[in-house]
Each structure stands twice: as C-alpha cells, then as structure tokens.
Amino acid sequence: MAEAARAEVVALEAFPRVVPGVEPGRVLGLVGPPGSGLTRLGLALLAGPARRGPVAVVDVRGWLCPPAAWEAGVAPERLVVVRCPERSLWGRVTAALLEGLPAVYAEVPAGADEALLRRLGALARARRSALLLRPLRGALPSGLAHLNLMGEAVRWEGAGSGHGRITGRRLTLRAAGRGVGGSEQVLEVLDDGSDALRVVPRLAAAPAGRAV
Amino acid sequence: MVLAVNGLAAAAGVAAGMRRRQAEALCPAVVTLAADPAADAAAFEVVATAVEDLVPRVEVADPGLLFVPVSGAVGYYGGEVPLVARVAAAVDEAGGQGGRLGLADGPFAARLAAAAAGDGPVVLADTRAFLASLDVAVLGREEMAATLRWLGVTTLGALAALPREAVASRFGLPGLEAHRLAAGEDRGVRPRSLPEDLAVEERFDPPLRDLEQAAFAARSLAHRLIEGLGPWGGAPHRVVVEAGSPSGETRSRTWRSADPFGEAEVAERVRWQLRAWVESGGVPGGLAVLRLAPADRSDRGRQLSLGEDAASELEATRALARAQALVGPEAVLQARPQGGRRPGERVQWHRWGEPAAPPDRDPRAPWPGRLPGPSPALVPPAPRPLEVEWDGGSPERVRLGSRWEPVLAWAGPWRQTGRWWAGEGPADCYQVVTSAGALLFEVRDGSCYLAAVYD
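Residues numbered from 1 in each chain as written. Chains lettered and ligands numbered in written order. Predicted model: local features only at pLDDT ≥ 70, side-chain atom pairs only at ≥ 80, totals over all residues. Heavy atoms only, no water.

Take the overall build of chain B next. The helix and strand tally for chain B stands at 13 helices and 17 strands. Each of the 455 residues in chain B was classed as buried or not, and the buried ones make up 42%. At a minimum sequence separation of 6, the contacts of chain B that also span at least 24 residues come to 49%. Surface summary for chain B: the accessible area is close to 24,100 Å², and the carbon and sulfur share equals 53%. (Helix = DSSP H or I, 4+ residues; strand = E, 2+ residues; numbered from the N terminus. Buried < 20%, exposed > 50% of the residue type's maximum accessible area, 1.4 Å probe, protein only. Contact = heavy atoms within 4.5 Å. Areas by Shrake-Rupley, 256 points an atom, 1.4 Å probe, with all protein chains shown as cover.)

A few words now on the interface of chain B and chain A. Taken together, the contacts link 48 residues of chain B with 52 residues of chain A. Taken together, both faces of the contact between chain B and chain A bury some 4,000 Å²; the carbon and sulfur share is 64%. Run the count over chain B and chain A and you get 1 salt bridge. For Asp 455 of chain B, the salt bridge is made with Arg 134 of chain A, and the minimal N-O distance between the two is 3.3 Å. Summed over the shared surface of chain B and chain A, the number is 18 residue pairs in polar contact (both at pLDDT 80 or more). Among the secondary structure elements, those contributing two or more residues to the side of chain B that touches chain A are α13 (310-327), β9 (332-337), β10 (347-351), β14 (403-416), β15 (427-434), β16 (437-444) and β17 (447-454) of chain B. It is α13 of chain B that provides the largest number of residues to the side of chain B that touches chain A, a total of 9 residues. Alignment of strand β4 (residues 79-83) of chain A against β9 of chain B, held across 2 bridges, turns out to be antiparallel. Paired with Val 82 of chain A across the strands is Val 332 of chain B, a residue of β9 of chain B. (Buried area = accessible area lost by both parts, 1.4 Å probe. Salt bridge = Lys/Arg side-chain N within 4 Å of Asp/Glu carboxyl O. Polar contact = N/O pair within 3.5 Å; in protein donor to acceptor, adjacent residues only side chain to side chain. Pairing = 2+ DSSP bridges.)

Residues and elements named next belong to chain B. Read from one edge of the open sheet, 7 strands run β11-β17-β16-β15-β14-β13-β12, paired in antiparallel fashion. Strand pairing shows two members of the sheet lacking a second neighbour, β11 (384-385) and β12 (388-391), which therefore form its edges. The pairing of β16 with β17 spans 7 bridges and is classified as antiparallel. When the bridges of β17 are listed, Ala 438 appears paired with Tyr 454.

What follows is about the environment of Val 80 of chain A. By the element assignment, Val 80 of chain A lies in strand β4. Owing to a relative accessible area of 1%, Val 80 of chain A belongs among the buried residues under this scheme. Each C-alpha atom of the pair Val 80 of chain A and Ala 56 of chain A lies 4.7 Å from the other, and the pair is 24 residues apart in sequence. Leave out the neighbours within four places in its chain, and Val 80 of chain A touches Val 55, Ala 56 and Val 57 of chain A together with Leu 320, Val 332, Leu 333, Gln 334 and Trp 352 of chain B.

All names here are of chain B. Residue position: Ala 382 is located in the loop between β10 and β11. Judged by its relative accessible area of 45%, Ala 382 falls in the partly exposed class. Along the primary structure Ala 382 and Tyr 449 are separated by 67 residues, whereas in three dimensions their C-alpha atoms are 9.2 Å apart.

This part takes up helix α7 (residues 114-127) of chain A. All names here are of chain A. Counted at 1.5 Å a residue, the expected span for α7 with its 14 residues is 20 Å, and the 20 Å between its end C-alpha atoms agrees. Every buried residue of α7 is listed here: Leu 117, Leu 120, Gly 121 and Ala 124. Buried residues of α7, seen end-on, are gathered within an arc of 100 degrees and therefore sit on one face of the element. Exposed side chains of α7 directed beyond 90 degrees from the buried face belong to Arg 119 and Ala 126. Packed against the buried residues of α7 are β2 (27-31), α6 (87-98), β5 (103-108) and β6 (130-135). Residue Arg 128 follows α7 closely and has a positive phi angle near 55 degrees. (Expected span 1.5 Å × (residues − 1). Arc of directions from axis to C-beta.)

Residue and element names in this part refer to chain B. As enumerated under the stated definition, the model contains 5 aromatic pairs over all chains in all. Relative to Tyr 430, the ring of Trp 390 lies with its centre 5.2 Å away and its plane at 70 degrees, an arrangement referred to as edge-to-face. One end of the pair, Trp 390, is in strand β12; the other, Tyr 430, is in strand β15, and 40 residues separate them in sequence. Tyr 430 sits in the buried class, given a relative accessible area of 9%. Their ring planes at 10 degrees and their centres at 5.3 Å tell us that Tyr 430 and Phe 441 sit as a pair that is stacked. (Phe/Tyr/Trp six-rings, centres within 6.5 Å; stacked < 30°, edge-to-face > 60°.)

Residue and element names in this part refer to chain A. Here chain A averages 80 in pLDDT, while 81% of its residues score no lower than 70. In this model residues 1-13 is a low-confidence stretch, pLDDT under 50, and it forms 30 contacts with partners more than four residues away in sequence or in other chains. Note that residues 203-212 has pLDDT below 50 and, in this model, 16 contacts with residues that lie over four places away or in other chains. (pLDDT = per-residue confidence, 0-100.)

Turning next to the pattern of salt bridges. Opposite charge on two side chains makes pairing possible when the charged atoms of those side chains draw close. Residues and elements named next belong to chain A. With the rule as written, the count across this model stands at 25 salt bridges over all chains. For the salt bridge of Glu 157 with Arg 155, the shortest nitrogen-to-oxygen distance reads 3.6 Å. Each member of the salt-bridge network shares a partner with another, and the members are Arg 155, Glu 157, Arg 170 and Glu 188.

Another point: unusual backbone geometry. Note the cis peptide between Asp 205 of chain B and Pro 206 of chain B, where omega equals 5 degrees. As for its placement among the helices and strands, Pro 206 of chain B is situated in strand β5 (residues 200-208). A cis amide bond links Gly 412 of chain B to the next residue, Pro 413 of chain B, at an omega of 0 degrees. For Pro 413 of chain B, the location among the structural elements is in strand β14. Even without being glycine, Arg 128 of chain A reaches a positive phi, approximately 55 degrees.

Let's shift gears to the nonpolar core. Counting 64 residues, the largest nonpolar core has Trp 90, Val 93, Leu 97 and Leu 133 of chain A together with Leu 287, Leu 290 and Val 327 of chain B as its most contacted members. In contact with Val 93 of chain A, other than residues within four places in its own chain, are Val 82 and Cys 84 of chain A together with Ala 323, Leu 326 and Val 327 of chain B. Core analysis: the next-biggest nonpolar cluster, separate from the first, contains 49 residues, Trp 63 of chain A together with Phe 441, Val 443 and Cys 448 of chain B among them. (Core = buried A, V, L, I, M, F, W, Y, C linked by side-chain atoms within 4.5 Å.)

A few words on the packing of α6 of chain A against α7 of chain A. Residue and element names in this part refer to chain A. Contact pair α6 / α7: the axes reach a minimum separation of 10 Å and the direction vectors enclose 5 degrees. Between α6 and α7, the angle is such that the two are roughly parallel. Along its contact with α6, which presents Trp 90, Gly 91, Thr 94, Ala 95 and Leu 98, the element α7 presents Leu 116, Leu 117, Leu 120, Leu 123, Ala 124 and Arg 127. For the contact of α6 with α7, a count of residues per class yields 8 nonpolar, 2 polar and 1 charged. (Axes fitted to C-alpha atoms, helices over the stretch in contact; angles between N-to-C directions. Parallel < 35°, antiparallel > 145°, perpendicular 65-115°, else oblique. Nonpolar A, V, L, I, M, F, W, Y, C, P; charged D, E, K, R; others polar.)

Here is the structure:
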C-alpha cells in the first residue's frame, strides 16, 4: 500500500496506456467471482468507445442497472442493453452487435462453447470492435483475451457498523496477457461513484513508459 | 346555436355563436341547416384532396380546417405568395369559395391569421409580432384568460414576456402550452392518416422452403409497399412483417426505426426476420403467405447531430436491428434517468429505435431518502428473498448461495415509506459488505429481500 500511496493517480482515459485492453479489435476478459466489482469496471471501460458511437451490453441475467454506467461516463443515449437469457442465442446476438458497434460488453453464460468464444474473438478483430467478456462462472479459454483483468480483492469504503454509507471501493486487479507484454501487473482501481474510475498502477513490474 | 356561417350570411351580420332566432332576425332569408359533421367531412374531403395534390401530407384538423406544411413547397412553387395563390385557386376550384388562408410559423398562428384574413390571404412576415398584439382569449381557455387579465396580462406578448417557469408553476401543463404558443413555439403539422389498405401480401403455392427465394419475394413486396405509400408522401417508421405457414400458423413481428424505412431497409429487415424464423423453426412447412403492412406513417425523421458519422451510424443501426430480429424488440432496450428512491426506480426503459416517453418522475427533484451513490451495477427485476441473521438490530450474516457470509460492515437503514395509498408497506434498506461483495437488501413485513448487488 505504501507504493500505492506514492503512485500517481491517473484518469480513466489513461487506462489504455496503463493496460491497453479496450482497443478496437481487442478482447478484454473481466474474470472474477460475482461481487468482485467487475461489472461496474466493464461499464466504465465502455465510456471511451461510447464517445464514438452506441455501445451495447449483452445482459444474460437481466439485472443490469444503467445508472452505474451513466455514473462512469457512458451517455444514456449511447447505451443499448440487449437482454438475452437464452444461451442458444447468446453467440449470435453478440456477433450481430460486433458487426456494427465500436464496443460490446457481454456477460458470458456459464458453459459457453469455447469454439464460439474464439469465433467471437476473431469477429471482433475483423470488425475492429472492442469486446469485453465477463464470464458469469469460471474463466475464459486461454489465449482468447488480449488482456485479462482478474479481480483479486475489493475493499468497500464508507460503511461502518450501522453508520455511514458505501462511498467507494478499492478494487485490486491482476492484469495478464499480451496486453501487458506477457508479464503480470497488479492494479488498484479507485471508485468513489461520483466520476469515472481512477486507476493507480501499483506494481513496479510495469515498464516505465507505461506507468503514467 | 349557429356554428358556422358562409360569406353572404356573415355580410348580413350573422356570426358564429348567435342563437338561431337572432340570426333569422338579422337576415330573414337565411337558410339554416342542422349540424352534420359527417357530411361536413365528406364535403371538405374534396377541398383537402385538391390541396393535397399541390402539397402532400396535409393535416385535416376539423372539417373546414386544414393545416398544410409549406417548408418544402415554398421552394418548389417559387415563394410564399405564389404558393398561397395556388392553394387559394385550388380551394376555389374545389368548391371552397370564401375560404380563408393564413400563412405563419405553426398551426396556431396560421389559424389566427386565417381568421383575420378578409378577401385575400394573410402571409405573416413576423409571426411573433402578430401574436404579441392578440388578446389572451385566443388561447381558447376562458378560465386562464380571466386569471391572466386579473393579473394584468392581457395580450399574448405580455404572456410570452413572463418567465416560463412561473407560468408553468401557476397554471401547470396548460399554462406551459399557452406560453409556448404565445412565444410562437408551435408544433409542426401532423399529416392526416393514410388509407388502411396499404398492406401488401403475396401467397406462395407450393410454399417456399428456400430462404433465398423468400428473400427475393420480400424485395418485390418491399418495392410494392413503398411504392404504394409514395403518392401519400408517407414513409413508415414501423413495418409489420407477417409470415404464414401452410397449416395456418402465423408469425408476426413489428420492425421500428428512428428513420423512415426505404425499400432496401424494408427488404433487409424482412430477410433478417425470415431467416430468424426459418432458423428457429417458426414457420413449419415453408412460407405460404408473406404480408407487409405499414404500422405507422408519421413524417418524423431524425437529424444526425454534428460529429455523428452517417456510415457508422447506419452500421450500428443495422447491428442493433439484427439483434432485435433475434431476441425481439422488447429485449433491445435503452434507458433514461428518471426520479425515484430505489436504484431500479431511477431508470425508465424504452425499446431501442422508438422515442422515449417523458419520464414519469422528475429526475431533478430531490427525492429525499433515495439511496446515495455509487449506484449498484446489478438490480434483480424483482426483490429476491434473502436469509439474514441478526444480532439485536444488526445484521450478522447473510446467506449467499449455499454459504453464510459474515457481515464485515453495514449501513442504514434507509426507510422507504412506500406508496401506502396503493397498499405498499414501508421497507428498510440496508447496505452490507461481506467478503464476497457488497449488496443492498430491504426488510419488508419482517422478511428480507435482495434489492441490488454492488458488482
């Protein structure tokens, strides 16, 4: 934590420079158990592509609450939520969206076919669309994502023993994959709910040119 | 009661609103006819059609009252005066002698200009200046006009000079509408509805089993549909696609678009829809009937904003339309903020491609007792039962799946009084933090329900 305190806090816009995952034609994996705070992070990462055009969320559970995306900087008129509880349609719906949108955030239903996921990755590359995959259970097939962000820990701030309120969180992530040059990085994301997330690169493993 | 008079009767001093005996006293030779709105509409149809031949998409507001959108026609006919002259001549030829014409920015001012017209038409150069001198009575709201006069506001100009918020606060929605009209901010012309028989249909014997054949037929049908709408100057924003099987089963889906459909767009949607049905086995035995019908024929279009790229916008629209074909229009949604206390209440959903209705609850209102930010990312469609162990008044453990998770920190309760008049009881909301995540739950009638997850 001492390193975190010394590290410079950067705006979310700089996130691609720290971990270049949300880029056209790239697949980003958001892997972690429910409650690890990755849904809100994924929505926040849509804010950049949403400036170029409409972005979509494939909502398998029908639970998505758009204010979390709005608070993270996605304009309401740019966010389209596609509810798709049927597993048989999930791949086709996601593929249809990838064909025309700059970014798609898709919850991956449990037991999704590996070949289908790889086809979607290839389609995202071909269409220059960013694909953010959030598996609801388990991990993504190896090598699929250009960058995997794995939820390591989350610390909620503000709530006490019957007093206060949740005001923010510190989300510790492990970044792995080609997006970070093959070496793992640990990042800490600060989210106070009022503005876009801020990212604190915490581990010195990041090349000096990347840690802003 | 005299409802309408012709020119001769008006010259003799008869006016609308007089009693019949009064009219007969003023003009003993007057002929009175009983009101017959249906006959009026039939007689006026000739006039409406004559004007429609010159300018498409007219709005018949009442028998005898026609609004004509002129923004395009002015350029075509070489100016406002030549256009008005052509319309006046067409009205005369169609048997509408004595018709009055007014040209202004919006139907409200145009109607008043026509009412003020004498022998010749009135073309307003400055609509707002014209309106400013008129009495507030022209708004057609006696009670409001009386109150405005009592307040010293006698003209539309004086009304328009008042702050809009103040007028809205005093008179509500009618006041807001009156202020808009007084300020010259009128609605556009709403074109009259088109005939109902514009649907096109094709029957196939033997039924089509090949998607390419069906797509070819769809192109031809789309051509017929759009061609049929052409003379009416209409382009549909919604098209109903219906497919029938040999056994009589019918599948139907309505396609919507923010921009009016053209022939290619309709053909494309029908092809996507047929493919979706064929792949899901929705039309067993092949396609026996294909029918396309315009479900809406308004002239509302959408202007791209600066910075929007038309090509990528079109690609995005196509992508979302394909997703709509797969999961249905009810599953492709957009949301806008609205007021509310619970996270789910602060969202107003609407189907993508359709205009959003005004929010039910004002999002700018303070909403005391609302859950403070940051907002949870996940909210179940309906609160789910949740097991919570309490120690005194404090939550100790919550059951998530098969495991009991100790509560590390908690906040609340926030009391939601609920809509007691609708039989809804009060609820207490708690935020709890566990090692497996943070969540929001509510206690109602002694039971706990999961309300949201901070994921």
